[in-house]
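Geometric and topological summary
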Amino acid sequence: MAKEKPDLFSFVQSAGKAASDLFDRTKEAARTFAEEHDLKEIDAEDVAEAADKAWKKAGRTVSSVYEGVKTGSAQISEKVAQVRWEADMKNLRPIFAEDIGTPDFTMSKLIRLTQMDRRRAASEACQGSIGYDSSPKDVRVVNLYTDHLAESGLSFYPDTNSEIYYVDPADRTNYIALDEYFPYMKTARITELQKLAQALGAKHFRVTYKEEKRTLTRQGGSGRLSITGRGSASADHARLDSAAVISEIAAEMTLPGHEPVHPTLVYLRKDPAIRSLIELRLSPNPITHQKLIVRLSSSSGIKESEAAKIDAALGAMKCAGNASVVSEAQSESRRYLEYEIDF
């Protein structure tokens, strides 16, 4: 429980002491106030000087010094409150609803849903806030309070029951639960390929999901050892190979076909293979068949280098999941969609 503020003029309630002794004790109370509240920003001598001025202004009678010390006490308390407020704004970094949407504020890519802690609940500077900024391992994280999410103007997929979310690369107001991020992105791009086929007037298309699995080939032997992440072995005895061992049809459809219209893309708008397909289909001499590869890592939104920083931040916040983001990003680099389309 927080300490109650000392009464800087409690000493003068007994009028039987000499005025000079009263003044000395008032200055000592001022110093004690600063020390007990750990207000390093306020020099104890400055506080004592404020009491000194109050004494001289009030005159040297016991009856008047009480009012003088009250005035000095109010000035000291106001200064202490201001310094504490400024310190809390700097150290606790509260975020308010009115901050969001202003030119000086940008929402972080990584968001954590949490509740207000005791320190912030007790701080005047944090009253009315909807969250706070933090920088674990130099990664900026906006922490939003679960009972103020509506004020953030953001949406969360699939719900608000997770702790860590990452921004949707196509929509800065939508955040995806980190555990669901890569499956969500896979589905989003498959769906976009379906819409692309419809817009271009396809008569048939097929999307095949494939993932390369890394294997370790032992030279001079028949055994093969599967490995899931980065590995190393002696060049004299082993060699790392890659082979597409996972393959599934993710989407396939037959359509009536029509004249092509320019599609509106979101996740795949920068993919060179997709852009080339659109140009060839909309050209004066349009193509009738195309087969291409869409690498998922090119539009996943999280690269391996960024994934490593996220893992470090999650570890610092003590909220890392079962699978590291780095391992997911490495797996994403071996995944692709095979897109075959007929017009």
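Source: prediction; values computed, not measured. (Residues numbered from 1 in each chain as written. Predicted model: local features only at pLDDT ≥ 70, side-chain atom pairs only at ≥ 80, totals over all residues. Heavy atoms only, no water.)

By size, the foremost hydrophobic cluster in this structure holds 37 residues, and its most contacted members are Ile111, Phe156 and Ile302. The residues touching phenylalanine 156, leaving out its near neighbours within four places in the chain, are Ile111, Leu113, Leu144, Leu149, Tyr165, Asn174 and Tyr175. Core analysis: the second largest hydrophobic core is formed by 24 residues, Val207, Leu277, Leu337 and Tyr339 among them. (Core = buried A, V, L, I, M, F, W, Y, C linked by side-chain atoms within 4.5 Å. Buried < 20%, exposed > 50% of the residue type's maximum accessible area, 1.4 Å probe, protein only. Contact = heavy atoms within 4.5 Å.)

It is worth spelling out the pairing of strand β2 (residues 110-114) at this point. A large share of β2 lies buried, amounting to five of its five residues. What you see with β2 is no split at all: Leu110, Arg112 and Thr114 on one side and Ile111 and Leu113 on the other are buried throughout. Of the pairings in the sheet, the one linking β2 to strand β4 (residues 141-145) comprises five bridges and is parallel in character. Note that in β4 the partner of arginine 112 across the bridge is asparagine 143. As paired elements, β2 and strand β6 (residues 164-168) share three bridges and run antiparallel to each other. By the bridge assignment for β6, leucine 110 is matched with tyrosine 166. (Helix = DSSP H or I, 4+ residues; strand = E, 2+ residues; numbered from the N terminus. Pairing = 2+ DSSP bridges.)

With that out of the way, let us pick up the packing of helix α7 (residues 304-317) against helix α8 (residues 325-332). Relative to each other, α7 and α8 sit at 160 degrees, their axes nearing to 8 Å. Considering the angle they form, α7 stands roughly antiparallel to α8. Here α7 runs over α8; the crossing is right-handed. Within the contact between the two elements, α7 uses Glu304, Ala307, Ala308, Ile310, Asp311 and Leu314 and α8 uses Val325, Val326, Ala329 and Gln330. Across the contact of α7 with α8, the residue classes break down as seven nonpolar, one polar and two charged. (Axes fitted to C-alpha atoms, helices over the stretch in contact; angles between N-to-C directions. Parallel < 35°, antiparallel > 145°, perpendicular 65-115°, else oblique. Left-handed = near helix turned anticlockwise from the far one by under 90°. Nonpolar A, V, L, I, M, F, W, Y, C, P; charged D, E, K, R; others polar.)

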